[in-house]
Amino acid sequence: MGFSKKIKSIAFIFVTLLYSSLSAFADSTYVVKKGDTLYSISRKYEITVAELRTANNLSESDVLKEGVKLTIPAADISNAAALSSSKAVSSESKQSLSSSSAVYQVQKGDTLYGIARKYGIKLPELLVMNNLDSNATIKIGQKLTVPGEVLSSDSKSGFTKISQKDVAASKASAARDSVNPSVSVVSGVIWPLENPSVRNISGKVSGVQLTGRENEVVKCIREGTVMYTGVYRGFGDVVFIQSKTGLIYSYTGLGSVKAKKGDYVLAGTEIGRTGKGAESSIKFMVFQNGKPVDPVKAPRG
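Only a predicted model underlies this, so the values are computations on that prediction, with no experimental measurement involved. (Residues numbered from 1 in each chain as written. Predicted model: local features only at pLDDT ≥ 70, side-chain atom pairs only at ≥ 80, totals over all residues. Heavy atoms only, no water.)

Draft legend 1. Broad picture of the sheet that holds strand 13 (residues 270-273). If you walk across this open sheet you meet the 3 strands as 7-13-11, and the pairing is antiparallel. Strands with a single pairing partner mark the edges of an open sheet, and in this sheet they are strand 7 (217-219) and strand 11 (256-257). In the sheet, strand 11 pairs with strand 13 via 2 bridges, with the strands oriented antiparallel. Paired with Val 257 across the bridge in strand 13 is Gly 272. (Pairing = 2+ DSSP bridges. Helix = DSSP H or I, 4+ residues; strand = E, 2+ residues; numbered from the N terminus.)

What follows is the structure in structure tokens.
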């Protein structure tokens, strides 16, 4: 093979891998095959059943039919954590989100996932505003509370108009009340690993990366119920533990998992272990209603 052909071949492989990587984190469509279940499909795409169900407006009792097209939502660990929660949101959180709002009438083909994306908000925020849990489904004609200025109710969009002043007030309220995702790393803090090196991670997800020893025990730092265990796209093996106050503690990138869904674990309990070599690091995040909480300030014990 000539030099130029080698270059073209390498370029083609690079573009293919890049496209595949980007596609893995974008919405896609899956056609249900005989024998498929929501669980098997969620495992195939490394997301949670709750995300898959919400993205397709399916209830827990719905049966999949062969040939039906399902939306496979882009992986979002903050959404996954929120949808794994069984706690109702606080009245304070709900008030801050719904201080100014409009009404949207559900149209054919709508899903809670799609409506949240249409308004540029997180799915958990839409659930909060409408006092809905992660198992909720919607029906055509149902009215939902949504943020922002929208079109009049006599248009085909199904929206009711609110004032620009109210929109500004809503944005100001959200800015005041949003959780600060910045992380302040300090000494003397109890971590899932013993004396780890700690590095901030920021961007789409905020939290810390903890580097410890190979095959080191990963301990629960706040007692609660194990809501989810499994491989999550982009984060490896993860464990979500919900405290009594509704916070979700997310331990990701584990080398092995010991905890099981439904377990009630106490602080200090082994939930898994780190991997080997470069895999001896884990990412640790805490969420409240889908928003990141500074893991340094999150309650321990």
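Draft legend 2. Layout of unusual backbone geometry. Although it is not a glycine, Asn 195 sits at a positive phi angle of roughly 50 degrees. Mapped onto the elements, Asn 195 comes out in the loop between helix 8 (164-177) and strand 5 (197-201). Look at Asn 215: it is not a glycine, yet its phi comes out positive at around 55 degrees. If you trace the backbone, Asn 215 turns up in the loop between strand 6 (207-211) and strand 7. The exposure class of Asn 215 is partly exposed, given its relative accessible area of 41%. (Buried < 20%, exposed > 50% of the residue type's maximum accessible area, 1.4 Å probe, protein only.)

Draft legend 3. Inspection of the packing of aromatic side chains at higher detail. All chains considered together, the criterion is met by 6 aromatic pairs. Judged by centre distance (6.4 Å) and plane angle (35 degrees), the ring pair of Tyr 249 and Phe 284 falls under tilted. Here Tyr 249, found in strand 10 (residues 248-254), pairs with Phe 284, found in strand 14 (residues 281-288); they are 35 residues apart in sequence, far enough to count as distant. With respect to class, Tyr 249 is no different from Phe 284; both count as buried. Geometrically, the ring pair formed by Tyr 251 and Phe 284 is tilted, given 5.2 Å between the ring centres and 45 degrees between the ring planes. One end of the pair, Tyr 251, is in strand 10; the other, Phe 284, is in strand 14, and 33 residues separate them in sequence. Here Phe 284 falls in the buried class, since its relative accessible area comes to 0%. Grouping aromatic residues by their ring pairs yields a cluster made of Trp 191, Tyr 249, Tyr 251 and Phe 284. Over the ring of Tyr 45 we find Lys 44, and its NZ or CZ is 5.8 Å from the ring centre. When the ring centre of Trp 191 is taken as origin, the NZ or CZ atom of Arg 300, which lies over that ring, is 5.2 Å away. (Phe/Tyr/Trp six-rings, centres within 6.5 Å; stacked < 30°, edge-to-face > 60°. Lys NZ or Arg CZ within 6 Å of the ring centre and 35° of its normal.)

Note that every value here comes from positions in space, so none of it alone points to a role or purpose.
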